[in-house]
Amino acid sequence: MTIKSASSATLLTLMVIAIGVNYIDRGSLSIVKTDVATEFELSSVQMGWLFSAFFWSYALSQVATGWLVDRFDVKWLYAGGFLIWSLATVSMAMSGSFAIFLLLRLVLGAGESIAYPATSRMIVMNFPERRRGIANASIDAATKLGPMLALLFGGLLVASNGWRSLFVVVGLGGLLWLPAWLWLVPSQQKPTTDAPATRTNVPFSKLFKRQEVWGTSLGFFCLGYTWAFLLSWLPAYLEESRHFSKESMALFGSMPFAAMAVTSLCGGWLADRWIHAGASATLARKVFLIGGLVLCSLFMFASVLTPDPRACILLLCLACASLGFYTSNVWAVTQTLAGPNAAGQWTGLQNAIGNIGGAISPALTGWLVQETGSYYSAFAAASVMLVVGVFAYVGLVRQIVPLDWGDEKQELQGAL
């Protein structure tokens, strides 16, 4: 079922753009947090609920979308999800109450839930192990470039035209991707009725029995908590705690995401080169996973302790750059372990658990900020979560090799 009519470069380019738009749309609320809170008279706790609403529907939809992409045409599933989340983004510009905004955030999360299972499925079917690092790194870089561009240009747009203009521009602008996807990516080929079955989907019951599934999922939970904290609350932190103007926040707040985008590409490329030179996938991937988590934890906590705003931005850049080394390799680990028959379901399950962390993080952060009057405890919680992630990969993911699914037939030739 490999997509043969579209080149791998074209396919990867379209997926990178889609993920970039995905993260621009989900992160737009963080840019207008102070404006929305003022207009609707919302507390930090209520803003936390708004941020978390996206992650709850996003997480709870992951298992279903993972199941769907392993069984149906990814092209049309992705197109449908993209349309739903773009229309939800545009509709936020017309929101007149907290309740409507909350509902639209839930719809946004459900629509965007198709992205990662579909992307993972396409990568595992179209890219061999030695090329998955750079493919995943390119996708991961888009998740950082999206927030960076949203902060940099969105912050300036909001400063001059108001917060509602941001949702109109990013929602309608993103829809330009759909015609290219529908035109350039053909439908998946279905096996002929007289051809022998070459792939059998791995049931969830088998996934649940593997400690590697729980190890990657717990690690992703810790990432989800920290990433949602940065994506949702970093702009507000710079405005409220560091007293940056909207324009300064747009400029300096985009820098950590830019740093992460660079190291995401570097981390994937370096790991691939290391594997090509003879290193095992276990060694190459784990060095970047564990090193990235440890360094990010240290730099992030240091950033909130320094009184110097410039030093704070530098440390945040170093923290995000470190996290980029982790994120560039995390999905390659899952894809190698799962193989083509379990990639979509494993990705959906892992992303669901990871984004439960993402759902908890914004709400807990809002409560911590309101109760303590500062961001110290919020940064500390995110730093501790990263350390927990280290133990998940050390203790539960011993070897990064394709798993044996017993009597399930696996189509591994194109994945190794």
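Worth saying up front: this structure is predicted, and the values here are computed from it rather than measured.

Criteria and cut-off values
Residues numbered from 1 in each chain as written. Predicted model: local features only at pLDDT ≥ 70, side-chain atom pairs only at ≥ 80, totals over all residues. Heavy atoms only, no water. Helix = DSSP H or I, 4+ residues; strand = E, 2+ residues; numbered from the N terminus. Rg over C-alpha atoms; globule rule 2.2 N^0.38 Å. Buried < 20%, exposed > 50% of the residue type's maximum accessible area, 1.4 Å probe, protein only. Contact = heavy atoms within 4.5 Å. Areas by Shrake-Rupley, 256 points an atom, 1.4 Å probe, with all protein chains shown as cover. Axes fitted to C-alpha atoms, helices over the stretch in contact; angles between N-to-C directions. Parallel < 35°, antiparallel > 145°, perpendicular 65-115°, else oblique. Left-handed = near helix turned anticlockwise from the far one by under 90°. Polar contact = N/O pair within 3.5 Å; in protein donor to acceptor, adjacent residues only side chain to side chain. Salt bridge = Lys/Arg side-chain N within 4 Å of Asp/Glu carboxyl O. Expected span 1.5 Å × (residues − 1). Phe/Tyr/Trp six-rings, centres within 6.5 Å; stacked < 30°, edge-to-face > 60°. Lys NZ or Arg CZ within 6 Å of the ring centre and 35° of its normal. Core = buried A, V, L, I, M, F, W, Y, C linked by side-chain atoms within 4.5 Å. Nonpolar A, V, L, I, M, F, W, Y, C, P; charged D, E, K, R; others polar.

Novice: Explain the overall build of the chain to me, and be specific about the residues and the numbers.
Specialist: Across its full length, the chain carries 16 helices and zero strands. Computed over C-alpha atoms, the radius of gyration of the chain comes to 20 Å, within 12% of the 22 Å expected from 2.2 N^0.38 for 416 residues, which places it in the range of a compact globule. Viewed in the frame of its principal axes, the chain has a C-alpha envelope of about 65 × 40 × 35 Å. When the 416 residues of the chain are sorted by exposure, 60% land in the buried category. Put simply, of all contacts in the chain between residues at least 6 apart along the chain, 87% involve residues at least 24 apart. As displayed, the chain has an accessible area near 15400 Å², and 70% of this comes from carbon and sulfur atoms.

Novice: I'd like to hear about the environment of Lys-33, residue by residue, with values.
Specialist: With respect to the helices, strands and loops of the structure, Lys-33 is situated in helix α2 (residues 33-40). Linking Lys-33 and Trp-163, residues 130 residues apart in sequence, is a C-alpha distance of 9.1 Å. In this view, Lys-33 contacts Met-47, Phe-51, Trp-233, Ala-236 and Glu-240; residues no more than four positions away in its chain are not counted.

Novice: Give me the lowdown on the packing of helix α3 (residues 44-69) against helix α11 (residues 211-240), citing residues and values where you can.
Specialist: Two elements in contact, α3 and α11, have axes separated by 11 Å at closest approach and are oriented at 130 degrees. Taken together, α3 and α11 sit at an angle that is classed as oblique. Once α3 is placed against α11, the crossing between them reads as right-handed. Across from Ser-44, Met-47, Gly-48, Phe-51 and Phe-55 in α3, the residues of α11 making contact are Ala-228, Ser-232 and Trp-233.

Novice: Pulling in residues and values, what's your account of the environment of Asn-22?
Specialist: Note on placement: Asn-22 falls in helix α1 (residues 8-31). Overall, Asn-22 belongs to the buried group, its relative accessible area being 0%. The spacing of Asn-22 and Gly-155 is 133 residues in sequence and 18 Å in space, taken between C-alpha atoms. Once residues lying within four places of it in the same chain are set aside, the contact partners of Asn-22 are Trp-85, Glu-112 and Ala-115. A distance of 3.5 Å separates a polar atom in the side chain of Asn-22 from a polar atom in the side chain of Glu-112.

Novice: Go over the pattern of salt bridges with me, naming the residues and quoting the values.
Specialist: Per the counting criterion, the structure on display carries eight salt bridges. For Arg-210, the salt bridge is made with Glu-212, and the minimal N-O distance between the two is 3.3 Å. A salt bridge links Asp-272 to Arg-285; its shortest N-O distance comes to 3.3 Å. Here Asp-272 is found in helix α12 (residues 246-276), whereas its partner Arg-285 is found in helix α13 (residues 281-305), with 13 residues between them in sequence. What makes Asp-272 buried here is its relative accessible area of 7%.

Novice: Summarise helix α6 (residues 115-126); cite the residues concerned and give the values.
Specialist: Here α6 contains twelve residues, and its C-alpha end-to-end distance of 16 Å stays within 8% of the 16 Å for a straight helix at 1.5 Å per residue. For α6, a buried count of twelve out of twelve residues is recorded, marking the element as mostly surrounded by other parts of the structure. Turning to α6, its buried residues are Ala-115, Tyr-116, Pro-117, Ala-118, Thr-119, Ser-120, Arg-121, Met-122, Ile-123, Val-124, Met-125 and Asn-126.

Novice: Now, about unusual backbone geometry: what can you tell me, with residues and values included?
Specialist: With phi around 55 degrees, Glu-41 is a residue other than glycine that occupies positive phi space. Along the chain, Glu-41 turns up in the loop between α2 and α3. When its relative accessible area of 70% is taken as the criterion, Glu-41 is described as exposed. Here the phi dihedral of His-243 falls at roughly 60 degrees; this positive angle occurs in a residue that is not glycine. His-243 gets classed as exposed once you look at its relative accessible area, which sits at 64%.

Novice: Can you break down the packing of aromatic side chains residue by residue, with the values?
Specialist: Taken as a whole, this structure holds 25 aromatic pairs when the rule is applied. When the centroid spacing of 6.0 Å and the interplanar angle of 45 degrees are considered together, the rings of Tyr-23 and Trp-227 count as tilted. Taken together, the positions of Tyr-23 in helix α1 and Trp-227 in helix α11 put the pair 204 residues apart, joining distant regions of the chain. A centroid spacing of 6.3 Å and a plane angle of 65 degrees characterise the contact between Trp-233 and Tyr-375, whose relative ring orientation is edge-to-face. Of the two residues, Trp-233 is situated in helix α11 and Tyr-375 in the loop between α15 (343-372) and α16 (376-396); the sequence distance between them amounts to 142 residues. Of the two residues, Trp-233 and Tyr-375, both sit in the buried class. Directly above the aromatic system of Tyr-23 lies the positively charged group of Arg-26, at a separation of 3.9 Å from the ring centroid.

Novice: Talk me through the nonpolar core; I want residue IDs and the actual numbers.
Specialist: Grouped together as the largest cluster of nonpolar side chains are 118 residues, with contacts concentrated most on Val-36, Met-47, Tyr-78, Phe-101, Trp-181 and Tyr-326. Among the elements that line this core, the one with the most residues is α11, at 15 residues. Setting aside chain neighbours within four positions, we find Tyr-78 in contact with Ala-18, Ile-19, Trp-85, Ile-114, Ala-115, Ala-118, Thr-119, Trp-177 and Trp-181.

Novice: Before we move on, can you summarise the packing of α13 against α16 with the specific residues and values?
Specialist: α16 packs onto α13 with a crossing angle of 165 degrees between their chain directions and a minimal axis gap of 9 Å. Here α13 is positioned roughly antiparallel relative to α16, judged by the angle of their axes. The two elements α13 and α16 cross, and the hand of that crossing is left-handed. Every residue of α16 that contacts α13 at Lys-286, Leu-289, Ile-290, Leu-293, Val-294, Cys-296, Ser-297, Met-300, Phe-301, Ser-303, Val-304 and Leu-305 is listed here: Tyr-376, Phe-379, Ala-380, Ala-382, Ser-383, Leu-386, Val-387, Gly-389, Val-390, Tyr-393 and Val-394. Partitioning the contact of α13 with α16 into residue classes produces 18 nonpolar, four polar and one charged.

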